[in-house]
Amino acid sequence: MELIHRNLAIGIHDALQETFFEKNKYADKVIERLLKANRKWGSQDRAVVSEIFYNIIRWKKRLEYYMGESVKPTNVYKLIIAYLLWSKTNYKRFEEFEGIKIADITTKLRKGTVPTKAIEHSIPEWLAETLEKELGDKWEKEMLALNEKAPTVLRANSLRTTPRELISDLADEDVVAYPIKNYPDAVQLEEKKNVFLTTAFKEGLFEVQDASSQKIGYFLDVKEGQRVVDACAGAGGKTLHLAALMGNKGQIIALDIFEWKLAELKRRAKRAGAHNIETRMISDTKVIKRLHDKVDRLLIDAPCSGLGVLKRNPDSKWKIDQAFIDRIKKEQQQIMQDYSKMLKVGGKMVYATCSILPSENNKQVEEFIKNNPNYKMIKDEKVMPSEGYDGFYMALIERLS
(Lines give C-alpha, C1' and ligand atoms only; values in the text may rest on other atoms or scores of the structure.)
Protein backbone atom coordinates (compact mmCIF):
# COMPACT_ATOMS: atom_id res chain seq x y z
CA MET A 1 0.00 0.00 0.00
CA GLU A 2 1.44 3.40 -0.97
CA LEU A 3 0.12 6.93 -1.38
CA ILE A 4 2.01 8.49 -4.30
CA HIS A 5 -0.66 10.47 -6.14
CA ARG A 6 -1.50 13.94 -4.83
CA ASN A 7 -5.14 13.85 -6.00
CA LEU A 8 -5.73 10.72 -3.88
CA ALA A 9 -4.33 12.47 -0.78
CA ILE A 10 -6.61 15.46 -1.42
CA GLY A 11 -9.60 13.11 -1.90
CA ILE A 12 -8.88 11.34 1.41
CA HIS A 13 -8.48 14.70 3.18
CA ASP A 14 -11.79 16.07 1.87
CA ALA A 15 -13.69 12.86 2.67
CA LEU A 16 -12.33 12.80 6.25
CA GLN A 17 -13.18 16.45 6.77
CA GLU A 18 -16.75 15.82 5.60
CA THR A 19 -17.17 12.71 7.77
CA PHE A 20 -15.77 14.27 10.96
CA PHE A 21 -17.02 17.83 10.75
CA GLU A 22 -20.23 17.97 8.72
CA LYS A 23 -23.57 17.11 10.27
CA ASN A 24 -25.23 13.79 9.36
CA LYS A 25 -22.45 12.69 7.01
CA TYR A 26 -21.73 8.96 7.23
CA ALA A 27 -18.46 7.40 6.07
CA ASP A 28 -20.00 4.83 3.71
CA LYS A 29 -21.98 7.47 1.81
CA VAL A 30 -19.09 9.97 1.81
CA ILE A 31 -16.65 7.47 0.26
CA GLU A 32 -19.31 6.30 -2.22
CA ARG A 33 -19.76 9.89 -3.44
CA LEU A 34 -16.00 10.49 -3.62
CA LEU A 35 -15.41 7.39 -5.75
CA LYS A 36 -18.36 8.25 -8.01
CA ALA A 37 -17.00 11.77 -8.54
CA ASN A 38 -13.59 10.37 -9.56
CA ARG A 39 -14.48 7.71 -12.10
CA LYS A 40 -11.03 8.01 -13.73
CA TRP A 41 -9.33 6.47 -10.68
CA GLY A 42 -8.30 2.87 -11.37
CA SER A 43 -9.29 -0.03 -9.11
CA GLN A 44 -5.91 0.14 -7.33
CA ASP A 45 -6.34 3.87 -6.59
CA ARG A 46 -9.88 3.30 -5.31
CA ALA A 47 -8.66 0.53 -3.01
CA VAL A 48 -5.89 2.76 -1.61
CA VAL A 49 -8.30 5.65 -0.96
CA SER A 50 -10.94 3.42 0.71
CA GLU A 51 -8.46 1.58 2.90
CA ILE A 52 -6.62 4.69 4.15
CA PHE A 53 -9.91 6.60 4.66
CA TYR A 54 -11.51 3.83 6.74
CA ASN A 55 -8.34 3.05 8.71
CA ILE A 56 -7.90 6.70 9.71
CA ILE A 57 -11.54 6.81 10.90
CA ARG A 58 -11.05 3.55 12.79
CA TRP A 59 -7.82 4.65 14.50
CA LYS A 60 -8.63 8.37 14.98
CA LYS A 61 -8.11 8.47 18.77
CA ARG A 62 -4.81 6.63 18.59
CA LEU A 63 -3.61 8.90 15.76
CA GLU A 64 -4.62 11.98 17.76
CA TYR A 65 -2.35 10.73 20.55
CA TYR A 66 0.56 10.45 18.09
CA MET A 67 -0.25 13.94 16.74
CA GLY A 68 -0.39 15.39 20.25
CA GLU A 69 -3.69 17.17 19.51
CA SER A 70 -7.32 16.53 18.61
CA VAL A 71 -8.26 16.48 14.95
CA LYS A 72 -9.69 19.80 13.69
CA PRO A 73 -10.74 20.97 10.23
CA THR A 74 -7.30 22.63 9.95
CA ASN A 75 -5.07 19.64 10.78
CA VAL A 76 -6.55 16.75 8.80
CA TYR A 77 -3.35 16.46 6.72
CA LYS A 78 -1.39 16.01 9.95
CA LEU A 79 -3.80 13.21 10.88
CA ILE A 80 -3.12 11.57 7.50
CA ILE A 81 0.65 11.88 8.03
CA ALA A 82 0.33 10.32 11.52
CA TYR A 83 -1.47 7.35 9.95
CA LEU A 84 1.06 6.97 7.10
CA LEU A 85 3.96 6.97 9.57
CA TRP A 86 2.26 4.59 12.03
CA SER A 87 1.19 2.14 9.30
CA LYS A 88 4.60 2.43 7.54
CA THR A 89 2.84 3.38 4.31
CA ASN A 90 5.13 4.68 1.57
CA TYR A 91 4.09 8.21 0.58
CA LYS A 92 5.28 11.23 -1.39
CA ARG A 93 5.78 14.55 0.36
CA PHE A 94 3.03 16.55 -1.34
CA GLU A 95 2.87 20.33 -0.85
CA GLU A 96 -0.15 19.81 1.48
CA PHE A 97 2.22 18.01 3.90
CA GLU A 98 4.73 20.88 3.99
CA GLY A 99 5.27 22.52 7.36
CA ILE A 100 3.85 19.58 9.34
CA LYS A 101 6.22 18.77 12.20
CA ILE A 102 6.64 15.01 12.31
CA ALA A 103 9.32 14.81 15.01
CA ASP A 104 6.75 14.55 17.85
CA ILE A 105 4.89 11.84 15.96
CA THR A 106 8.00 9.75 15.31
CA THR A 107 9.15 10.14 18.95
CA LYS A 108 5.85 8.71 20.21
CA LEU A 109 5.88 5.95 17.61
CA ARG A 110 9.36 4.90 18.70
CA LYS A 111 8.13 4.58 22.29
CA GLY A 112 5.77 1.86 21.06
CA THR A 113 3.26 2.26 23.95
CA VAL A 114 0.10 4.27 24.51
CA PRO A 115 -1.17 5.56 27.89
CA THR A 116 -4.74 4.18 28.02
CA LYS A 117 -6.85 1.25 26.78
CA ALA A 118 -9.20 3.69 25.06
CA ILE A 119 -6.29 5.08 23.02
CA GLU A 120 -4.96 1.58 22.32
CA HIS A 121 -8.31 0.43 20.87
CA SER A 122 -9.13 3.90 19.51
CA ILE A 123 -12.49 4.48 21.15
CA PRO A 124 -13.86 7.32 23.31
CA GLU A 125 -13.04 7.00 27.05
CA TRP A 126 -16.75 6.74 27.96
CA LEU A 127 -17.15 3.79 25.56
CA ALA A 128 -14.17 1.92 27.03
CA GLU A 129 -15.81 2.31 30.46
CA THR A 130 -19.23 1.16 29.18
CA LEU A 131 -17.79 -1.89 27.41
CA GLU A 132 -15.76 -2.91 30.45
CA LYS A 133 -18.75 -2.46 32.75
CA GLU A 134 -21.06 -4.53 30.53
CA LEU A 135 -18.72 -7.17 29.07
CA GLY A 136 -16.12 -7.52 31.82
CA ASP A 137 -12.68 -8.83 30.81
CA LYS A 138 -13.96 -9.91 27.38
CA TRP A 139 -14.38 -6.34 26.12
CA GLU A 140 -10.83 -6.01 24.76
CA LYS A 141 -11.09 -9.21 22.75
CA GLU A 142 -14.26 -7.83 21.12
CA MET A 143 -12.66 -4.43 20.46
CA LEU A 144 -9.71 -6.13 18.73
CA ALA A 145 -12.21 -7.87 16.44
CA LEU A 146 -14.20 -4.67 15.87
CA ASN A 147 -11.07 -2.86 14.67
CA GLU A 148 -10.55 -5.39 11.89
CA LYS A 149 -11.83 -4.94 8.35
CA ALA A 150 -15.28 -6.46 7.77
CA PRO A 151 -15.43 -9.34 5.27
CA THR A 152 -17.86 -9.01 2.35
CA VAL A 153 -20.63 -11.58 2.68
CA LEU A 154 -23.47 -12.11 0.22
CA ARG A 155 -26.79 -13.89 0.72
CA ALA A 156 -27.70 -16.06 -2.25
CA ASN A 157 -31.32 -15.25 -3.14
CA SER A 158 -32.98 -18.67 -2.93
CA LEU A 159 -35.91 -17.39 -5.06
CA ARG A 160 -33.45 -17.25 -7.98
CA THR A 161 -30.35 -19.34 -7.28
CA THR A 162 -28.30 -21.46 -4.84
CA PRO A 163 -24.97 -20.60 -3.16
CA ARG A 164 -23.19 -23.10 -5.41
CA GLU A 165 -24.67 -21.60 -8.60
CA LEU A 166 -23.95 -18.08 -7.36
CA ILE A 167 -20.28 -18.92 -6.69
CA SER A 168 -20.03 -20.26 -10.24
CA ASP A 169 -21.76 -17.19 -11.77
CA LEU A 170 -19.49 -14.83 -9.81
CA ALA A 171 -16.39 -16.77 -10.92
CA ASP A 172 -17.42 -16.09 -14.54
CA GLU A 173 -17.15 -12.38 -13.65
CA ASP A 174 -13.74 -12.75 -11.93
CA VAL A 175 -15.19 -12.56 -8.41
CA VAL A 176 -13.87 -15.38 -6.21
CA ALA A 177 -16.25 -16.50 -3.43
CA TYR A 178 -16.76 -19.53 -1.20
CA PRO A 179 -19.58 -20.93 1.00
CA ILE A 180 -19.57 -20.46 4.79
CA LYS A 181 -20.13 -23.50 6.99
CA ASN A 182 -23.39 -23.43 9.02
CA TYR A 183 -24.77 -20.46 7.03
CA PRO A 184 -27.07 -22.04 4.41
CA ASP A 185 -27.36 -19.00 2.09
CA ALA A 186 -24.06 -17.22 2.75
CA VAL A 187 -21.21 -16.73 0.31
CA GLN A 188 -18.02 -14.86 1.30
CA LEU A 189 -15.77 -12.96 -1.10
CA GLU A 190 -12.08 -13.82 -1.23
CA GLU A 191 -11.33 -10.08 -1.53
CA LYS A 192 -13.33 -6.85 -1.58
CA LYS A 193 -14.85 -6.20 -5.01
CA ASN A 194 -17.55 -3.88 -6.30
CA VAL A 195 -20.16 -6.63 -6.70
CA PHE A 196 -22.88 -4.12 -7.59
CA LEU A 197 -21.46 -3.94 -11.11
CA THR A 198 -21.92 -7.68 -11.73
CA THR A 199 -24.63 -9.21 -13.91
CA ALA A 200 -25.41 -11.54 -10.99
CA PHE A 201 -26.38 -8.50 -8.87
CA LYS A 202 -28.45 -6.91 -11.64
CA GLU A 203 -30.34 -10.19 -12.06
CA GLY A 204 -31.18 -10.24 -8.34
CA LEU A 205 -29.18 -13.38 -7.54
CA PHE A 206 -27.85 -11.99 -4.24
CA GLU A 207 -27.92 -9.23 -1.64
CA VAL A 208 -24.94 -8.02 0.39
CA GLN A 209 -25.80 -9.15 3.94
CA ASP A 210 -23.47 -10.08 6.78
CA ALA A 211 -23.49 -13.71 7.92
CA SER A 212 -24.68 -12.79 11.46
CA SER A 213 -27.57 -10.78 10.04
CA GLN A 214 -28.64 -13.81 7.96
CA LYS A 215 -29.20 -15.80 11.17
CA ILE A 216 -32.15 -13.60 12.12
CA GLY A 217 -34.42 -14.71 9.25
CA TYR A 218 -34.00 -18.35 10.29
CA PHE A 219 -34.44 -17.49 13.96
CA LEU A 220 -37.93 -16.07 13.28
CA ASP A 221 -39.05 -19.52 12.09
CA VAL A 222 -41.35 -18.27 9.30
CA LYS A 223 -43.62 -20.61 7.34
CA GLU A 224 -45.14 -20.32 3.88
CA GLY A 225 -48.55 -18.64 3.92
CA GLN A 226 -48.08 -16.76 7.20
CA ARG A 227 -48.66 -13.07 7.79
CA VAL A 228 -45.32 -11.61 8.84
CA VAL A 229 -44.46 -8.05 9.88
CA ASP A 230 -40.97 -6.59 9.70
CA ALA A 231 -41.56 -3.63 12.02
CA CYS A 232 -38.31 -1.68 11.52
CA ALA A 233 -37.68 -2.79 7.95
CA GLY A 234 -35.35 -0.02 6.77
CA ALA A 235 -34.13 -0.73 3.25
CA GLY A 236 -35.17 -4.33 3.74
CA GLY A 237 -32.15 -6.64 3.89
CA LYS A 238 -33.88 -8.95 6.37
CA THR A 239 -37.33 -8.46 4.74
CA LEU A 240 -35.99 -9.87 1.48
CA HIS A 241 -34.49 -12.84 3.31
CA LEU A 242 -37.88 -13.56 4.93
CA ALA A 243 -39.56 -13.41 1.50
CA ALA A 244 -37.08 -15.99 0.21
CA LEU A 245 -37.55 -18.24 3.27
CA MET A 246 -41.33 -18.09 2.69
CA GLY A 247 -40.92 -18.96 -0.99
CA ASN A 248 -42.93 -15.84 -1.88
CA LYS A 249 -46.01 -17.43 -0.26
CA GLY A 250 -47.98 -15.54 2.39
CA GLN A 251 -47.71 -11.85 3.20
CA ILE A 252 -44.90 -9.69 4.56
CA ILE A 253 -45.77 -6.19 5.73
CA ALA A 254 -42.64 -4.03 5.87
CA LEU A 255 -43.01 -1.03 8.19
CA ASP A 256 -40.70 1.89 8.71
CA ILE A 257 -40.86 5.53 9.77
CA PHE A 258 -38.88 6.63 6.68
CA GLU A 259 -40.59 6.69 3.29
CA TRP A 260 -37.26 6.78 1.37
CA LYS A 261 -36.08 3.55 3.00
CA LEU A 262 -39.30 1.79 1.97
CA ALA A 263 -38.89 3.12 -1.58
CA GLU A 264 -35.42 1.54 -1.67
CA LEU A 265 -36.91 -1.70 -0.30
CA LYS A 266 -39.46 -1.75 -3.17
CA ARG A 267 -36.65 -1.39 -5.72
CA ARG A 268 -34.68 -4.19 -4.11
CA ALA A 269 -37.73 -6.45 -3.87
CA LYS A 270 -38.44 -6.00 -7.57
CA ARG A 271 -34.87 -6.93 -8.47
CA ALA A 272 -34.98 -9.96 -6.15
CA GLY A 273 -38.34 -11.19 -7.49
CA ALA A 274 -39.88 -10.98 -3.99
CA HIS A 275 -43.60 -10.47 -4.67
CA ASN A 276 -45.15 -11.01 -1.23
CA ILE A 277 -43.95 -7.75 0.35
CA GLU A 278 -46.20 -4.78 1.04
CA THR A 279 -44.67 -1.57 2.43
CA ARG A 280 -46.43 0.74 4.91
CA MET A 281 -44.99 3.89 6.39
CA ILE A 282 -45.59 4.38 10.11
CA SER A 283 -47.08 7.86 9.83
CA ASP A 284 -49.14 7.54 13.04
CA THR A 285 -50.09 5.02 15.74
CA LYS A 286 -53.09 3.80 13.72
CA VAL A 287 -50.80 1.90 11.34
CA ILE A 288 -49.75 -0.37 14.24
CA LYS A 289 -53.21 -0.50 15.86
CA ARG A 290 -54.81 -1.83 12.68
CA LEU A 291 -52.52 -4.86 12.92
CA HIS A 292 -53.21 -5.69 16.60
CA ASP A 293 -53.74 -9.47 17.13
CA LYS A 294 -53.37 -10.19 13.40
CA VAL A 295 -49.79 -11.30 12.86
CA ASP A 296 -48.20 -14.79 12.93
CA ARG A 297 -44.59 -13.58 13.04
CA LEU A 298 -43.06 -10.24 13.96
CA LEU A 299 -39.50 -9.05 13.49
CA ILE A 300 -38.35 -6.10 15.61
CA ASP A 301 -34.88 -5.24 14.35
CA ALA A 302 -34.66 -2.45 16.91
CA PRO A 303 -32.74 0.80 16.58
CA CYS A 304 -29.59 0.43 18.69
CA SER A 305 -26.08 1.73 19.40
CA GLY A 306 -24.69 -0.29 16.45
CA LEU A 307 -21.66 -1.33 18.51
CA GLY A 308 -21.72 -4.81 16.98
CA VAL A 309 -21.08 -3.42 13.49
CA LEU A 310 -18.15 -1.03 14.13
CA LYS A 311 -16.06 -3.09 11.67
CA ARG A 312 -18.44 -1.87 9.00
CA ASN A 313 -19.30 1.60 10.37
CA PRO A 314 -16.25 2.75 12.35
CA ASP A 315 -17.37 6.40 12.25
CA SER A 316 -20.42 5.66 14.42
CA LYS A 317 -18.25 5.37 17.57
CA TRP A 318 -17.38 9.07 17.14
CA LYS A 319 -21.02 10.09 16.55
CA ILE A 320 -22.71 8.48 19.58
CA ASP A 321 -22.39 9.08 23.32
CA GLN A 322 -23.71 7.58 26.56
CA ALA A 323 -26.77 9.85 26.44
CA PHE A 324 -27.62 8.43 23.00
CA ILE A 325 -27.40 4.86 24.34
CA ASP A 326 -29.60 5.72 27.34
CA ARG A 327 -32.16 7.30 25.00
CA ILE A 328 -32.14 4.39 22.55
CA LYS A 329 -32.75 1.90 25.38
CA LYS A 330 -35.99 3.70 26.29
CA GLU A 331 -36.97 3.62 22.62
CA GLN A 332 -36.25 -0.13 22.38
CA GLN A 333 -38.49 -0.86 25.36
CA GLN A 334 -41.27 1.35 23.96
CA ILE A 335 -41.09 -0.29 20.51
CA MET A 336 -41.27 -3.79 22.02
CA GLN A 337 -44.19 -2.74 24.22
CA ASP A 338 -46.17 -1.13 21.36
CA TYR A 339 -45.36 -3.45 18.47
CA SER A 340 -45.70 -6.77 20.32
CA LYS A 341 -49.48 -6.19 20.38
CA MET A 342 -49.55 -7.02 16.65
CA LEU A 343 -48.93 -10.70 17.43
CA LYS A 344 -51.79 -13.19 17.52
CA VAL A 345 -51.95 -15.50 20.53
CA GLY A 346 -49.48 -18.28 19.70
CA GLY A 347 -47.57 -15.97 17.37
CA LYS A 348 -43.83 -15.43 17.72
CA MET A 349 -41.57 -12.44 17.46
CA VAL A 350 -37.84 -11.84 17.29
CA TYR A 351 -36.30 -8.87 19.09
CA ALA A 352 -32.91 -8.24 17.47
CA THR A 353 -30.16 -5.62 17.65
CA CYS A 354 -26.68 -5.19 16.15
CA SER A 355 -25.36 -4.25 19.59
CA ILE A 356 -23.13 -6.27 21.92
CA LEU A 357 -24.28 -4.57 25.14
CA PRO A 358 -26.40 -6.78 27.44
CA SER A 359 -28.30 -3.62 28.52
CA GLU A 360 -29.67 -3.32 24.97
CA ASN A 361 -30.17 -7.06 24.54
CA ASN A 362 -31.12 -9.74 27.08
CA LYS A 363 -31.74 -7.11 29.79
CA GLN A 364 -34.34 -5.46 27.52
CA VAL A 365 -36.06 -8.80 26.90
CA GLU A 366 -36.06 -9.63 30.64
CA GLU A 367 -37.64 -6.25 31.37
CA PHE A 368 -40.29 -6.78 28.67
CA ILE A 369 -41.20 -10.29 29.93
CA LYS A 370 -41.39 -9.00 33.52
CA ASN A 371 -43.92 -6.35 32.43
CA ASN A 372 -45.78 -8.69 30.05
CA PRO A 373 -46.22 -12.12 31.67
CA ASN A 374 -48.40 -13.24 28.72
CA TYR A 375 -45.21 -13.47 26.62
CA LYS A 376 -42.35 -15.92 27.17
CA MET A 377 -38.87 -16.14 25.75
CA ILE A 378 -38.29 -19.40 23.88
CA LYS A 379 -34.56 -18.92 23.20
CA ASP A 380 -31.97 -16.25 22.51
CA GLU A 381 -28.56 -16.07 20.89
CA LYS A 382 -25.74 -13.58 20.94
CA VAL A 383 -23.15 -13.48 18.17
CA MET A 384 -19.94 -11.71 19.13
CA PRO A 385 -17.62 -9.89 16.68
CA SER A 386 -14.71 -12.13 17.76
CA GLU A 387 -16.53 -15.00 16.03
CA GLY A 388 -15.62 -13.38 12.71
CA TYR A 389 -18.74 -11.52 11.59
CA ASP A 390 -20.91 -8.69 12.92
CA GLY A 391 -22.06 -8.64 16.54
CA PHE A 392 -25.79 -9.37 16.87
CA TYR A 393 -28.36 -10.38 19.45
CA MET A 394 -31.69 -12.13 18.82
CA ALA A 395 -34.43 -13.40 21.13
CA LEU A 396 -37.44 -15.49 20.06
CA ILE A 397 -40.53 -14.60 22.11
CA GLU A 398 -43.99 -16.23 22.00
CA ARG A 399 -47.32 -14.64 22.88
CA LEU A 400 -49.14 -17.02 25.26
CA SER A 401 -52.49 -15.27 25.76
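Basis of the calculations
What you see as residue numbers is a count from 1 along each chain, following the sequence as written. The model is predicted, so local features are restricted to residues of pLDDT at least 70 and side-chain atom pairs to those at 80 or more, both for listing and for counting; the totals for chains, interfaces and linings are taken over all residues. Excluding hydrogens and water, the side-chain values take into account all heavy atoms of the structure. Helix numbering and strand numbering both begin at the N terminus, where a helix is a DSSP run of H or I of at least 4 residues and a strand a DSSP run of E of at least 2. Take the number of residues in a helix, subtract one, and multiply by 1.5 Å to get its expected span. Here the term buried applies to any residue with accessible area under 20% of the maximum for its type, exposed to any over 50%, and partly exposed to those in between, with areas from a 1.4 Å probe on protein chains only. In this analysis, two residues are considered to be in contact whenever any of their non-hydrogen atoms come within 4.5 Å of each other. Grouping into patches uses exposed residues only, defined as over 30% relative accessible area, and leaves out salt-bridged ones; the cut-off is 9 Å for like charges and 5 Å for nonpolar side chains (Val, Leu, Ile, Met, Phe, Trp, Tyr). Here the Shrake-Rupley method, with its probe set to 1.4 Å, supplies the accessible areas, and only the displayed protein chains count as covering residues. Note on definitions: salt bridges are taken to be side-chain nitrogens of Lys or Arg within 4 Å of carboxyl oxygens of Asp or Glu. His is not counted here, nor are the chain ends, while Lys and Arg score as positive and Asp and Glu score as negative. Each charge is placed at NZ for Lys, CZ for Arg, CG for Asp and CD for Glu. Each domain's extent is set by a domain assignment, obtained either automatically or from a database. Here, a strand pair is defined by DSSP locating no fewer than two bridges between the strands. With the strands pointing away from the viewer, any crossover whose connection runs clockwise from the first strand over the helix to the second is right-handed. To obtain each axis, a line is fitted to C-alpha atoms, and for helices this fit is confined to the stretch in contact; angles are then taken between N-to-C directions over 0 to 180 degrees. Small angles under 35 degrees read as roughly parallel and large ones over 145 as roughly antiparallel, with 65 to 115 read as roughly perpendicular and the rest as oblique. Under this grouping Gly is polar, as are all residues other than the nonpolar Ala, Val, Leu, Ile, Met, Phe, Trp, Tyr, Cys and Pro and the charged Asp, Glu, Lys and Arg. UniProt positions are given in the numbering used here, feature names are shortened, and annotations may be inferred rather than shown by experiment. Here the nonpolar core consists of buried residues drawn from Ala, Val, Leu, Ile, Met, Phe, Trp, Tyr and Cys, with membership extended through side-chain atoms lying within 4.5 Å. Throughout, a disulfide means two cysteine sulfur atoms within 2.5 Å of one another.

Quick notes on helix α1 (residues 6-21)
With 16 residues, α1 should reach 22 Å at 1.5 Å per residue; the first-to-last C-alpha distance of 22 Å fits that figure. Burial in α1 covers these residues: Leu8, Ala9, Gly11, Ile12, His13, Ala15, Leu16, Glu18, Thr19 and Phe20. Buried positions along α1 lie against β1 (2-3), α2 (27-37), α3 (43-58), α4 (60-67), α5 (76-86) and α16 (316-319).

Description of a negative patch on the surface
On the surface, a cluster of negative charge is contributed by Glu125, Glu129, Glu132 and Asp137. Assignment of secondary structure puts Glu132 in helix α8 (residues 125-135). Accessibility expressed as a relative area gives 45% for Glu132, which makes it partly exposed.

Brief notes about the domain arrangement of the protein chain
In terms of domains, the protein chain is made up of domain 1 (1-114), domain 2 (151-206) and domain 3 (213-397). Each of domain 1 and domain 2 has a C-alpha centre, and the two are 32 Å apart.

Considerations on the side chain of Glu398
Within the secondary structure, Glu398 is located in strand β13 (residues 392-399). Buried within the structure, Glu398 lacks any salt-bridge partner; its nearest side chain of opposite charge belongs to Lys376, at an N-O separation of 4.8 Å. Beyond its immediate chain neighbours, meaning those up to four positions away, Glu398 contacts Gly346, Gly347, Lys348, Asn374, Tyr375, Lys376 and Ile378.

Some words on the pairing of strand β9 (residues 277-281)
As paired elements, strand β8 (residues 251-256) and β9 share five bridges and run parallel to each other. The partner of Leu255 across the bridge, within β9, is Arg280. The β-α-β motif built from β8, the intervening helix α14 (residues 259-272) and the parallel element β9 has right-handed crossover chirality.

Considerations on the packing of α4 against α5
At a minimum axis distance of 9 Å, the contact between α4 and α5 shows a crossing angle of 95°. Considered as vectors, α4 and α5 are oriented roughly perpendicular to each other. Of α5, the residues touching α4 (which contributes Lys60, Arg62, Leu63, Tyr66 and Met67) are Lys78, Leu79, Ala82, Tyr83 and Trp86. Considering only residue class, the contact of α4 with α5 consists of seven nonpolar, no polar and three charged.

Some remarks on the UniProt feature "binding site: S-adenosyl-L-methionine" (unreviewed entry) in the protein chain
Listed under "binding site: S-adenosyl-L-methionine" (unreviewed entry) in the UniProt record, and renumbered for this structure, are Asp256 and Asp301. For this annotated set, covering 46 residues, all C-alpha atoms fall within 10.8 Å of each other, a compact arrangement in space. Summarising the element assignment, Asp256 is placed in strand β8. By relative accessible area, Asp256 is classed as buried at 7%. Once residues within four sequence positions are removed from consideration, Asp256 is found in contact with Ala231, Cys232, Ala233, Gly234, Lys261, Leu262, Arg280, Met281 and Ile282.

Re the sheet that holds strand β3 (residues 153-156)
Spatial strand order, β4-β5-β3-β6: four strands in an open sheet with antiparallel pairing. Both outer strands of the open sheet, β4 (177-179) and β6 (206-208), are each paired with one neighbouring strand and no more. With strand direction ignored, the average angle separating the axes of adjacent strands in the sheet is 30°. With three bridges connecting them, β3 and strand β5 (residues 186-189) associate as antiparallel partners.

Focus on the nonpolar core
Among the nonpolar cores identified, the biggest contains 39 residues, and Leu3, Leu16, Phe53, Ile56 and Ile80 are the most heavily contacted of them. Those elements giving two or more residues to this core turn out to be α1, α2, α3, α4 and α5. The biggest single contributor to this core is α5, with eight residues. When sequence neighbours within four positions are dropped, the list of residues in contact with Leu16 reads Phe53, Ile56, Ile57, Val76 and Ile80. Listed in part, the 27 residues of the second largest apolar core include Ile252, Cys304, Val383 and Phe392.

Quick word on a nonpolar patch on the surface
A grouping of Ile257, Phe258 and Trp260 is seen on the molecular surface, where their side chains present a nonpolar patch of about 360 Å² in accessible area. By the element assignment, Ile257 lies in the loop between β8 and α14.

Concerning the UniProt feature "active site" (unreviewed entry) in the protein chain
When the UniProt feature table is mapped onto this chain numbering, "active site" (unreviewed entry) sits at Cys354. Among the structural elements, Cys354 can be located in the loop between β11 (343-353) and α18 (362-371). Judged by relative accessible area, which is 18%, Cys354 ranks as buried. If we ignore the near neighbours within four places in the chain, the residues touching Cys354 are Cys304, Gly306, Leu307, Gly308, Val309, Gly391 and Phe392.

Brief notes about the packing of α8 against helix α9 (residues 139-146)
When two helices pack together, their arrangement is captured by the angle between the axes and the distance separating the axes. Where α8 contacts α9, the axes come no closer than 9 Å and their chain directions differ by 125°. In terms of their interaxial angle, α8 and α9 are classed as oblique. Two secondary-structure elements touch here, α8 through Ala128, Leu131, Glu132 and Leu135 and α9 through Trp139, Glu142 and Met143. Across the contact of α8 with α9, the residue classes break down as five nonpolar, no polar and two charged.

So, the state of the cysteines
Using the criterion set out here, one finds zero disulfides in the structure. For the unlinked cysteine Cys232, the closest cysteine sulfur is that of Cys304, found at 10 Å. For Cys232, a relative accessible area of 17% corresponds to the buried category. This cysteine, Cys304, is not joined by any disulfide, and Cys354 carries the nearest cysteine sulfur, 3.5 Å off.

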